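Structure assessment
Here is how the chains run, residue by residue.
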Amino acid sequence: MLAYIIRRLIYAIPILMGVNLITFLLFFVVNTPDDMARAQLGDKYVTGEAIELWKETNGYHQPLFFNDKEEGLTALTETIFFNKSISLFTFDFGQSESGRDITSDVSQRVWPSVMFALPTLLIGLWVNICIALLVVMFRNTGLEKAFVISFVGLMSVSYLFYIIGGQYLVTRLWNLVPVSGFQTGLDSFRFLVLPVAIGVIAGTGAGARLYRTLFLEEADQDYARTARAKGVSEVTVLFRHILPNAMIPILTNIVIVIPMLFMGSLVMESFFGIPGLGSYMIDALKSQDFAIVRTMVFIGSVLYIIGLIATDISYTLVDPRVRLN
Amino acid sequence: MMNRKATRYLAATLTTAILLTGCSGPWNNPHQESSVNQNQTVYYTNFQLPPQHFDPAISYSTDESMLIDQIYEPPLGYHFLKRPYELEPLAAESMPDVRYLNTNREEIPSDSPDVTFSKYTITLKEGIDYQPHPAFVKNSEGGYVYLFTDESETANYRTLSDFGQTATRGLDADDFLYQIKRIADPHNKAPLIGFLAQYIDGMSELTAELKTVERDGWLDLREFKMRGLERIDERTFSITIKGIYPQFSYWLAMHFFAPIPWEADRFYNNPGFKDNNLTLDWYPVGTGAYMMTRNDPNREIILERNPNFRDDFYPTEGAPGDKEAGLLADAGAKVPFIDKAIYSLDKEVLPMWTKFLQGYYDRSGENHGNVTQNFDQALTIGPEGVELTAEMQGREITLSQDVKPAVYYMGFNMLDDVVGGYSTEKQKLRQAISIAWNSEEYIEIFRNGSAIPFMGPIPPGIEGSLKGEAGINTYTHDWKNGKAVRKSIEYAKQLLTEAGYPNGRDAKTGKPLKLYLDVQAQATSKSLEDWQKRQLKKLGIELELRATDWNRYKEKMSTGNHQMFSYGWLADYPDPENFLFLLYGPQSPVACQCDGNNNANYDNPDYNKLYKQMKTMQPGLERNQLIAEMLDQVRADVPWFTGEYPKEYYLNNQWVSNTKRHGISKATLKYLKIDSEVRKQKQAEWNQPNLVPLVAGMSIFVALFVPAIRAYRRRQKLVINTDK
Amino acid sequence: MKPVILWSDALLFILLAAMITFIVNIIRNNQSRERWSRVFHSRLGMSCFLIILTYIVIGVLDSLHFRKAVEPVEGQEQTEVYYSSHINSVLDLMLGEMGEEKEKTYSAPFSLKSYSKENMQDEQGNTYRAYASLKHAGKHLESPDDKPLDIVLQSFQALLMGLLISALLIAPHSYWMTGKNGIYPWKTAYVTLTIIICLLSWMIHISSLYHILGTDKAGNDVLYQCLKGIRTAMLIGTLATLIMMPIAISLGIAAGYFKGWVDDIIQYLYTTLSSIPGLLLIAASALLFQIWIDLNPDYFATGLEKGDAKFIGLCFILGVTSWATLCRLLRAETLKISQLDYVQAAHAFGVSHARIITKHILPNVTHIILIIFVLDFSGLVLAEAVLAYIGVGVDSSMHSWGNMISAGSAELSRVPAVWWNLAGAFTLMFVLVLAANLFSDLVNDAFNPKTRLEAA
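Below or above, wherever it landed, is the structure these notes cover. Just so it is clear, the model here is predicted, and its values are computed rather than measured.

Time to look at the overall build of chain A. A count of helices and strands for chain A gives 14 helices and zero strands. Against the compact-globule benchmark of 20 Å for 325 residues, chain A has a radius of gyration of 25 Å, which places it well outside the compact range. Principal axes of the C-alpha set define a box for chain A whose edges measure 85 × 55 × 35 Å. Looking at chain A as a whole, 57% of its 325 residues qualify as buried. Of all intrachain contacts in chain A linking residues separated by at least 6 positions in sequence, the fraction that spans at least 24 positions is 69%.

The subject of this paragraph is the packing of helix α2 (residues 30-41) of chain C against helix α14 (residues 420-447) of chain C. All names here are of chain C. Here α2 crosses α14 at 140 degrees, and the two axes come no closer than 9 Å. In terms of orientation, α2 lies oblique with respect to α14. In this structure, α2 meets α14 at a crossing whose hand is right-handed. Where α2 abuts α14, its residues Arg35, Trp36, Arg38, Val39 and Phe40 lie against Phe439, Leu442, Val443, Ala446 and Phe447.

Listed as interface residues are 37 residues of chain A and, on the opposing side, 39 residues of chain C. Of the roughly 3500 Å² buried at the junction of chain A and chain C (both faces included), carbon and sulfur atoms supply 78%. The three residues of chain A that bury the most area against chain C are Leu26, Ser156 and Phe161 of chain A, which together make up 16% of that side's buried surface. Here chain A and chain C share one salt bridge between them. Arginine 209 of chain A is the salt-bridge partner of aspartate 441 of chain C, the closest N and O atoms lying 2.4 Å from each other. The interface formed by chain A and chain C holds five residue pairs in polar contact (both at pLDDT 80 or more) in total. Within the residue set of the side of chain A that touches chain C, elements represented by two or more residues are α1 (2-30), α7 (142-155), α8 (159-173), α9 (188-219), α12 (266-272), α13 (277-286) and α14 (290-318) of chain A. For the side of chain A that touches chain C, the element with the highest residue contribution is α1 of chain A, accounting for eight residues. Split by residue class, the side of chain A that touches chain C holds 27 nonpolar, seven polar and three charged.

The partner chain B presents 70 residues to the 63 residues of chain A that form the contact. For the pair chain A and chain B, the summed buried area comes to about 6000 Å², and 52% of that belongs to carbon and sulfur atoms. Counting the surface chain A buries against chain B, the share from its top three residues, Lys44, Tyr45 and Leu176 of chain A, is 13%. Seen at the junction of chain A and chain B, the total is one salt bridge. Put simply, lysine 347 of chain B and aspartate 283 of chain A hold a salt bridge, and the shortest N to O gap is 3.1 Å. Here chain A and chain B share 17 residue pairs in polar contact (both at pLDDT 80 or more) between them. Elements that contribute at least two residues to the side of chain A that touches chain B include exactly α2 (33-41), α3 (48-58), α6 (102-137), α8, α9, α11 (234-255), α12 and α13 of chain A. Split by residue class, the side of chain A that touches chain B holds 27 nonpolar, 22 polar and 14 charged.

All names here are of chain B. All told, the structure shown has 60 salt bridges over all chains when counted by the stated rule. Between glutamate 263 and arginine 169 there is a salt bridge, and its shortest N-O distance comes to 2.6 Å. In this pair, glutamate 263 sits in helix α8 (residues 262-268) while arginine 169 sits in the loop between α3 (151-154) and α4 (173-184), placing the two residues 94 residues apart along the sequence. Residue glutamate 263 is classed as buried on the basis of its relative accessible area of 5%. The network of salt bridges with shared partners includes Glu73, Arg310, Asp312 and Lys670.

All names here are of chain A. For the pair α2 and α3, interaxial distance at closest approach is 9 Å and the crossing angle is 105 degrees. As far as their axial angle goes, α3 and α2 are roughly perpendicular. Here Pro33, Asp34, Met36, Ala37, Arg38, Gln40 and Leu41 of α2 lie close against α3, whose contacting residues are Ala50, Ile51, Trp54 and Lys55.

Right, let's get into a negative patch on the surface. A cluster of acidic residues, Asp92 of chain A together with Asp150, Glu151, Glu153 and Asp275 of chain B, forms a negative patch on the protein surface. Mapped onto the elements, aspartate 275 of chain B comes out in the loop between α8 and β9 (290-296).

Quick look at the sheet that holds strand β2 (residues 65-69) of chain C now. All names here are of chain C. Taking strand neighbours across the sheet as the criterion, the three strands line up as β1-β2-β3 in an open arrangement whose pairing is antiparallel. Each edge of the sheet is formed by a strand with only one pairing partner; in this case those strands are β1 (2-4) and β3 (83-89). Pairwise comparison of adjacent strand axes, ignoring direction, gives a mean angle of 35 degrees for this sheet. Where β1 meets β2, three bridges bridge the pair, whose relative direction is antiparallel. Bridging across to β2, lysine 2 finds its partner in arginine 67.

Next up on the list: the environment of aspartate 68 of chain A. Here aspartate 68 of chain A lies in the loop between α3 and α4 (74-77). For the pair formed by aspartate 68 of chain A and threonine 79 of chain A, sequence separation is eleven residues and the distance between their alpha carbons is 9.9 Å.

Moving on: the packing of aromatic side chains. Applying the stated criterion to the full structure yields 71 aromatic pairs over all chains. Judged by centre distance (6.0 Å) and plane angle (45 degrees), the ring pair of phenylalanine 147 of chain A and phenylalanine 151 of chain A falls under tilted. Highlighted residues: phenylalanine 147 of chain A and phenylalanine 151 of chain A, both in helix α7, separated by four residues, approximately one helical turn. For phenylalanine 147 of chain A, a relative accessible area of 23% corresponds to the partly exposed category. Of the residues examined, phenylalanine 151 of chain A reaches a relative accessible area of 2% and is grouped as buried. A centroid spacing of 6.4 Å and a plane angle of 35 degrees characterise the contact between tyrosine 409 of chain B and tyrosine 567 of chain B, whose relative ring orientation is tilted. Here the residue tyrosine 409 of chain B occupies a position in strand β18 (residues 406-412), and tyrosine 567 of chain B occupies one in strand β24 (residues 564-570), the gap between them amounting to 158 residues. Since its relative accessible area comes to 2%, tyrosine 409 of chain B is described here as buried. A relative accessible area of 16% places tyrosine 567 of chain B in the buried class. An aromatic cluster of three or more residues is present, and its members are Tyr409, Phe454, Trp550, Tyr553, Phe565, Tyr567, Trp640 and Tyr645 of chain B.

The next thing to look at is the pairing of strand β1 (residues 42-47) of chain B. Residue and element names in this part refer to chain B. By the criterion of burial, β1 is predominantly enclosed, with six of the six residues buried. Of the two faces of β1, both are covered, the one formed by Val42, Tyr44 and Asn46 as well as the one formed by Tyr43, Thr45 and Phe47. Where β1 and strand β13 (residues 340-345) come together, six bridges link them in parallel fashion. By the bridge assignment for β13, threonine 45 is matched with tyrosine 343.

Residue and element names in this part refer to chain B. Relative to the elements of secondary structure, serine 439 occurs in helix α14 (residues 439-446). Within polar-contact distance, the side chain of serine 439 engages the side chain of arginine 486 at 2.9 Å. Here serine 439 is in contact with Pro453, Phe454, Arg486, Thr642 and Gly643, once residues within four sequence places are set aside.

Our next topic: the nonpolar core. Membership of the largest hydrophobic core comes to 130 residues, with the highest contact counts inside it found for Ile200, Phe248 and Trp251 of chain B. The greatest single-element share of this core, amounting to seven residues, is contributed by α4 of chain B. Apart from the residues within four sequence positions on either side, isoleucine 200 of chain B is in contact with Ile180, Met226, Ile239, Thr240, Ile241, Lys242, Phe248 and Phe257 of chain B. Trp27 of chain B together with Leu61, Leu112 and Tyr115 of chain C belong to the second-largest nonpolar core, a separate cluster that totals 100 residues.

Procedures and definitions
- Residues numbered from 1 in each chain as written.
- Chains lettered and ligands numbered in written order.
- Predicted model: local features only at pLDDT ≥ 70, side-chain atom pairs only at ≥ 80, totals over all residues.
- Heavy atoms only, no water.
- Helix = DSSP H or I, 4+ residues; strand = E, 2+ residues; numbered from the N terminus.
- Rg over C-alpha atoms; globule rule 2.2 N^0.38 Å.
- Buried < 20%, exposed > 50% of the residue type's maximum accessible area, 1.4 Å probe, protein only.
- Contact = heavy atoms within 4.5 Å.
- Axes fitted to C-alpha atoms, helices over the stretch in contact; angles between N-to-C directions.
- Parallel < 35°, antiparallel > 145°, perpendicular 65-115°, else oblique.
- Left-handed = near helix turned anticlockwise from the far one by under 90°.
- Buried area = accessible area lost by both parts, 1.4 Å probe.
- Salt bridge = Lys/Arg side-chain N within 4 Å of Asp/Glu carboxyl O.
- Polar contact = N/O pair within 3.5 Å; in protein donor to acceptor, adjacent residues only side chain to side chain.
- Nonpolar A, V, L, I, M, F, W, Y, C, P; charged D, E, K, R; others polar.
- Patch = residues over 30% accessible without salt bridge, like charges linked within 9 Å, V, L, I, M, F, W, Y side chains within 5 Å.
- Areas by Shrake-Rupley, 256 points an atom, 1.4 Å probe, with all protein chains shown as cover.
- Lys, Arg positive; Asp, Glu negative; His and termini not counted.
- Charge placed at Lys NZ, Arg CZ, Asp CG, Glu CD.
- Pairing = 2+ DSSP bridges.
- Phe/Tyr/Trp six-rings, centres within 6.5 Å; stacked < 30°, edge-to-face > 60°.
- Core = buried A, V, L, I, M, F, W, Y, C linked by side-chain atoms within 4.5 Å.

Below, the structure is given as structure tokens:
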């Protein structure tokens, strides 16, 4: 197992390099170092010298990929790409273009993101499973049909609508929770309850529907039929037999999502003013802060790869037949 | 099982209720009231974007000025109430004493043709001290306590509050000079380094010298001399600038010229501080009315009263009408009135606005995002201009407005083959478009009246912009019934015919005239584009929009690769020179191959001559005459065809007083007054939670289980029966 | 008139052609015909199909673009015919003046007056404030009090017209069907069709008299904008998948079939792409495309063409971000199929790779492609709204529901609220997505009885 994980981690290196290259290309085809300097220095009275100075002190004065003034290998190392990439791989994120320490910002902002995303995931999972079980219990009745159609109906509403509608009703008309913002500690409950509720409701349609099919598949298996034939009540069949078996695909599907929770939700965070990583990234894109964008993409891909590895491991844990090699 | 689930829901509901009621006051209060001392007067507001810089040498954005201008005090400032804007001494005891020098730096009269330098001598007020700060703390031997040589010693210091002790020291004239040298230091990346070097004597030489200096950590700028700076005694210093630049006084009212104590600079250069964001760019050290006690740009920034603030008093005189508006009720009282100002991060406009209406923000309008979108709902255009809607009046919200010294304009590229050029035909073409483009309607629809239609490059309230009939643009407007009325479309069509485009067609070929407007992709919308196309359609001209991102937009401007464009200018100081230079020929980016500001590439020799003449003149009648001539020239040539002068507002909740919008200065927090009692009462009144939907929702949810359980039981029985 | 074919039109026509060939193939092939007929057996499937078909027809009509000739001015000689830079579509013609009837600014649905008071001047030149009358609403009325009655009467008239048209359409078919014991729920189809036609006829008739959904900030008819949004939504839902499909299919099959280093490279490619946060990739690429367009202005004669190019760019990027899923599925399936005996046998007989892929593998993975196509559709339509909110959505020269929704959220907080923009876009979007979701469920059930795809 350990050998497998190590090997997968080594495989991750070329992927991260690829990601880094793509970020770099996408960013610098759109922006030049001059643009970045202007974005930082403002538009008024900025002289060419000021821009050159900025580029030099921030390390953007070199060529992007190939330095034809240098000989041999230094032609590749004395470039923006090399110098900016090398520090990333040592997890030294350095400073943003405006001079803030990125690591401290990220470690501060990750918590609000997680505090929103984790409850949304867990409560959503719980609600979806409950509803799906309920529907399975009433399978082949009118109730089931009504539920399934309403799942599809819920799925067909744009995510933005849940947010706009929920925010409008709960905060503007009913004054139940603050419109937006964030506070630490116990107080955070008031700020998170609405976004979490909206997140859960918005996910119910798709989630409950998926789990319903998973449960239904198990419900027709021989072991379930046998249990019923023995006179076990439907509730016991559902909870003792079907639920544990269906949990395996549900949980293995969720493992890949968990690392991404740290990245935060972009739309939710900006609507509800949660100072998490999602809004951090958008701010950086808007202010053309390459150092932050690059770091966030890098962290994102690392988390994604961790998710992939964790999924594979979780398969072996739930199913002894699967071997990692 | 169902019962168990139901109990679980019940439990969840109960916990929710308990948690919610556990908080004092209304449920939707976004502030943490418990963290605030009840005896303090607190002002609540927000910031929209995490500020990037608090270093007065670097910061150059309105959002940041909102905060640091309360902390740093430059030599001069603006009078809070008087309009037109008036400079007054702030850290200085009196206005600077200006002398004129020749090449040998000998004093000569100001009207002499040999003037090559102007020398500004500034004397400071007595008894100004810095805010308490760890940088000033000395031990019994007189050495500084918080000076470290190694990173390991500083690992425990993460924020400014981790330093146990603070101290202060008196302001010295040298601190002002230190800051100017900091601007010159290329290491600090000051945006104005290039611009100020054109004026301040010796600045570029110092920059060149500092570039070559090897540095390790802190560089003591006191050891470097700069030719134009002189410390006369501890309260007096002088700055020498090149040539005559009467507007330099206005620069002295900006935070770039605020004092920085060298101790602070050295303190923040302690090893390892930078990694914890302990920098001057992050924790300001000033002499102003407030000091920053918490800086968490991801959540909130807190300013608190500076205990060492000098004696400062509320102004005793104001503009006409201020007394009636109650703005002089506190005349002569000691400022500041507020103990603490809490700025929370709130990016989106809608939540910001909602919180203001709920009473959680005291004022609305401190951020510009508010102006564009939400004043829509608060303001209507009454017969007398903008007024508050009935709903706002019902809440006793007050409005304070001011015309910003800014102009948003749309112009032609004068180098363009179709719309550019200085022949009579081209002038008429541009005039026709200028008439057809109904800026009054634009302001009504898209700005809800919060702007004044364009009449020329100088906004109202700035010298040179005239009131009433004398101030209208006679090429686009007529004066009727005491009002400026836009000329008719028929007249514009006639001009267009004379320009060689009858009905918008080329007189020779019949080809429809098609024009291109470059816009910024972020700043446009479908409805705006539709409206814009409709303006030219009135003349039969087709308009095509070219939306691009900001960088490309700038690039088009600098290469002259545009036909029509829109742009804006926010003046640094309220002087016509700061607007008229936008049309000065050599400022054209195409001509100077630089980042010039004359995006229209307007280059009229007459205008250029007048501008050069007017630039060095002292304000007065003579200068005003020149300005009138220049305005007339511009109006005939029409390099800019439409635009507006934006207004700025504060909407104030009823418990806020002493608030008057100042178009330039942001350092007005010290005058603001808040009645916390009224606020508390109104907040409670306005934010009664409506529990009905919550309870109803819960009941429906529970009620749904009853038939479900029944159906389940029935079914369970049914199965058993058939089995048997 | 001069026909204009935008790039997206061309792609849409290709898609249509492909669909037609596909349908012809289905009818020829017994097995798939049987499967498809299962979809249409259900009444739900039939009505959903008709609803989607209506959207498609509107979308296609809106894709037949042309430029109107500019009429010469009297008394002026004109050697050449010039065309307006404004691009119209057949749909515009069918909707009559709906797109041209512009008011000054907001007005509520069915309102005769503007939404907010305006400054007006009486004869003496005094300013007063009142609600201004709209230019294009209720002009035929003699007095504003007649409005409710008039709406009822006119609606009645329009519905009658609709019923008549539907009767004309349905009668021959039902006559032809009599006696035949059809398995399809024709009655449901008739009812759905009648409802759709009545609705359309009502809309076209009434909208020539009133603004059914009011007007937006710049005074444009909201219903017209909503209808124009259909094309954008249909295109974004289909083109994104269409554009990425060739890449995903060829790479997915290649990876599964050739294995070895080909597989390694392709796996590397999609892992790398999918590990970049999707939204960042979309935002950056959209900007990139925008810049390419800015740098090559000569390729695009009008603003709409430019917007169109940007739109295709967006579809492409959306395709690229969703490419990995299909590629992975196809790879897995191909791996499985290429182990089967008959494929192994074909190898042994020396059949070429190209032939094995086209004859044995491709036909056996079509159902996956089909299912992904229908499943992705609604997700993409919904995604557009989120993209518009973030500011990387469809170009503002095109009508889109996403842009309407993101503008509408701010309008909702006006007092009194401007809800019609949001409501219009929401309703049309909801109906389309709901129909598509229900339909794709049926397709999925019919073609995918056992194998469970990783539904997202």
